[in-house]
Amino acid sequence: MAESSRTNPQSVERLGYIGLGLMGTPMTRRLLNAGYEVTVWNRSHGKLASLIEAGAKRAAAPRDVLATAGIVFMCVTDAAAVKEVIFGPEGLAAAPGAGKLVVDFSSIHPDSARDLASRLKAANGAGWIDAPVSGGTKGAEEGTLAIMAGGEADDIERVRPYVLAMARRFTHMGPIGAGQTTKLCNQVIVGCAMAVLAEATRLAVNAGIDANRLPEALAGGFADSIPLQLFVPRMVQEIHSPPLGHIATMLKDLDTIADVAQATSTPVPMATLAGQLFRLAKAARGAEADALEIYKLSAANR
C-alpha cells in the first residue's frame, strides 16, 4: 500500500484522524504504516508526539484537518465530544466540506448520528458515515477490527480501502444510523458476555479449580468464543493495562441500548441487568477502570 501511494498519488486520498485515544492511536498508526498521508488532531497534545514522529502531520484545530484531507476519521468518547469536534470553536463545520467525508468511529446514539450528519451537511456540505468499531485495543493494534457502517453506498466504497487498512471487516448495514444500531446489538452480546464470563470465572475460583484453564477446557465446545479466550485470562491474572475498554464506555453503550429498546418496544432483560452490574462496577472501580474489572465485583474483599 505504501508503494501504491508513492507511485500513484492521484488515486490516494489525503486522510485525517481526530481523537487519538486507546483506539485512535493504533488505528492512525496502521494508516501511516500503510503509507497514507494522515493529518491528526487531539484535544490533549501529549498523545500526538509518537504519531508525529511516525510521519503524521499536526493540525492546529479540527477544521484544519478537514481543510487538508478528503476523508476525516474520528474516534472520540461520546456524542457530546463528537458535537464539540464538529460545531465547537474551529470545528469541522468551519471548514469547506463539499465533496469530503467524515467517518465517525465513535459509539453514539443512532439518533445523534443522524442529527449530527444532517447538521454538518447543512453547515458545509460534508458527507457522513457512522462506523462504530468492535475488537478493542487488541483489534486496533492488529488491524482485526469489525466495523459496521451506516451511510450512502458510494461513500462506503470510497472509504473502504482506507478502513480495511485498520480493520478486517467493514460491513455496510444501511443508511446513516444503521452502523450505530448494529454496534448496539454488538454491545448487547459483549456486555452480557463480560458479565457472564465474570460469573463463570468466579465460580471456578470459588470452587477450587484453575480458572486459567477454562479457555483450554472449553475450547471447541458450545461455550467457546473470542471473549472466553481473551477475557477470562485477563480477569484471573488481573491484566488491566492497557484496558480493553473503560467501564464508562460500556455503561454508556448499555444505557443507549436501554433507550433504543424502550423506543422500539424491545425487551432487553439481559442487557438491562448487565447495565446495572456495570453501574455497580463504575461505583466500585471507577469510570476509567478496565471493563473487565466487573469480575472484581464478586471478590470476597473487593
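S.K.: Account for the overall build of the protein, naming residues and giving values.
M.R.: For the protein, the count of helices and strands is 13 helices and 9 strands. For 302 residues, the compact-globule formula gives about 19 Å, and the C-alpha radius of gyration of the protein, at 20 Å, lands near that figure. Considering only C-alpha atoms, the protein reaches an extent of 60 × 45 × 35 Å along its principal axes. The burial tally for the protein puts 49% of its 302 residues in the buried class. Of the contacts formed within the protein by residues at least 6 apart in sequence, a portion of 66% connects residues at least 24 apart. Element-wise, carbon and sulfur atoms account for 55% of the exposed surface of the protein, whose accessible area totals about 14100 Å².

S.K.: Give me the pairing of strand 4 (residues 71–74): which residues, what numbers.
M.R.: Neither face of strand 4 is left uncovered, since the one carrying Ile71 and Phe73 and the one carrying Val72 and Met74 both have all their residues buried. When strand 1 (residues 15–18) meets strand 4, the two strands line up parallel, connected through 4 bridges. Bridging from a neighbouring strand, Ile18 pairs with Met74 of strand 4. Strand direction decides the pairing type here: strand 4 and strand 5 (residues 101–104), joined by 4 bridges, are parallel.

S.K.: I'd like a rundown of the nonpolar core, residues and numbers included.
M.R.: Grouped together as the largest cluster of nonpolar side chains are 36 residues, with contacts concentrated most on Tyr17, Met27, Leu31, Tyr36, Phe73, Phe105 and Ile147. Among the secondary structure elements, those contributing two or more residues to this core are strand 1, helix 2 (24–33), strand 2 (38–41), strand 4, strand 5, strand 8 (145–150), helix 8 (153–163) and strand 9 (167–174). Here this core takes 4 residues from helix 8, the largest share from any one element. Leu251, Ile257, Val260 and Ala291 belong to the second largest nonpolar core, which has 31 residues in total.

S.K.: Account for the packing of aromatic side chains, with residues named and values stated.
M.R.: Under the criterion given, the structure shown has 4 aromatic pairs. Centre to centre, the rings of Tyr36 and Tyr162 are 5.0 Å apart; their planes meet at 65°, and the pair counts as edge-to-face. Pair noted here: Tyr36 is in the loop between helix 2 and strand 2 and Tyr162 is in helix 8, with a separation of 126 residues, a long-range link. Considered together, Tyr36 and Tyr162 belong to a single accessibility category, that of buried residues. Centroid distance Phe73 to Phe105: 5.4 Å. Interplanar angle 5°. Geometry classified as stacked. Residue Phe73 is found in strand 4, and its partner Phe105 is found in the loop between strand 5 and helix 6 (110–124); the two are separated by 32 residues along the sequence. In this structure, Phe73 and Phe105 share a single accessibility class: buried. Looking at Arg119, its charged tip hangs above the ring of Phe87, at a distance of 4.2 Å from the centre.

S.K.: How would you sum up the packing of helix 9 (residues 178–206) against helix 13 (residues 269–285)? Please name residues and give values.
M.R.: Running from N to C, helix 9 and helix 13 cross one another at 60°; their axes reach a closest spacing of 9 Å. Comparing the axis directions of helix 9 and helix 13 gives the class oblique. Where helix 9 crosses over helix 13, the handedness of that crossing is left-handed. Where helix 9 approaches helix 13, its residues Val188, Gly191, Cys192, Met194 and Ala195 are matched on the opposing element by Met270, Ala271, Ala274, Leu277 and Phe278.

S.K.: Explain the environment of Phe278 residue by residue, including any values.
M.R.: Locating Phe278 in the fold gives a position in helix 13. Among the residues examined, Phe278 registers a relative accessible area of 0% and is labelled buried. Taking the C-alpha atoms as reference points, Phe278 and Ile294, 16 residues apart in sequence, are found 6.7 Å from one another. Among residues more than four places away in sequence, those in contact with Phe278 are Gly191, Met194, Ile247, Met250, Leu251, Leu254, Ala291 and Ile294.

S.K.: Describe the packing of helix 9 against helix 12 (residues 247–263), and please don't skip the residues or the numbers.
M.R.: Two numbers describe how helix 9 lies on helix 12: the axes approach to 9 Å, and their chain directions differ by 120°. Looking at the two axes, helix 9 sits oblique to helix 12. Every pair of crossing elements has a handedness; the one defined by helix 9 and helix 12 is left-handed. Mapping the contact onto sequence places Lys183, Leu184, Gln187, Val188, Val190, Gly191 and Met194 in helix 9 and Met250, Asp253, Leu254, Thr256, Ile257 and Val260 in helix 12.

S.K.: I'd love a proper account of the state of the cysteines, names of residues and values included.
M.R.: Here the structure, examined in full by the defined rule, presents 0 disulfides. As a non-bridged cysteine, Cys75 has Cys185 as the owner of its nearest cysteine sulfur, 19 Å distant. For Cys75, a relative accessible area of 15% corresponds to the buried category. For the unlinked cysteine Cys185, the closest cysteine sulfur is that of Cys192, found at 12 Å. Classification of Cys185 as partly exposed rests on a relative accessible area of 48%.

S.K.: Let's hear about the pairing of strand 5: which residues, and what values?
M.R.: Of the two faces of strand 5, the one carrying Leu101 and Val103 and the one carrying Val102 and Asp104 are both buried. Across 4 bridges, strand 5 lies against strand 6 (residues 127–130) in parallel orientation. Note that in strand 6 the partner of Asp104 across the bridge is Asp130. Where the polypeptide runs from strand 5 across helix 6 and back to strand 6, its parallel neighbour, the crossover connection is right-handed.

Analysis parameters
- Residues numbered from 1 in each chain as written.
- Predicted model: local features only at pLDDT ≥ 70, side-chain atom pairs only at ≥ 80, totals over all residues.
- Heavy atoms only, no water.
- Helix = DSSP H or I, 4+ residues; strand = E, 2+ residues; numbered from the N terminus.
- Rg over C-alpha atoms; globule rule 2.2 N^0.38 Å.
- Buried < 20%, exposed > 50% of the residue type's maximum accessible area, 1.4 Å probe, protein only.
- Contact = heavy atoms within 4.5 Å.
- Areas by Shrake-Rupley, 256 points an atom, 1.4 Å probe, with all protein chains shown as cover.
- Pairing = 2+ DSSP bridges.
- Core = buried A, V, L, I, M, F, W, Y, C linked by side-chain atoms within 4.5 Å.
- Phe/Tyr/Trp six-rings, centres within 6.5 Å; stacked < 30°, edge-to-face > 60°.
- Lys NZ or Arg CZ within 6 Å of the ring centre and 35° of its normal.
- Axes fitted to C-alpha atoms, helices over the stretch in contact; angles between N-to-C directions.
- Parallel < 35°, antiparallel > 145°, perpendicular 65-115°, else oblique.
- Left-handed = near helix turned anticlockwise from the far one by under 90°.
- Disulfide = S-S within 2.5 Å.
- Right-handed = clockwise from strand over helix to strand, strands pointing away.

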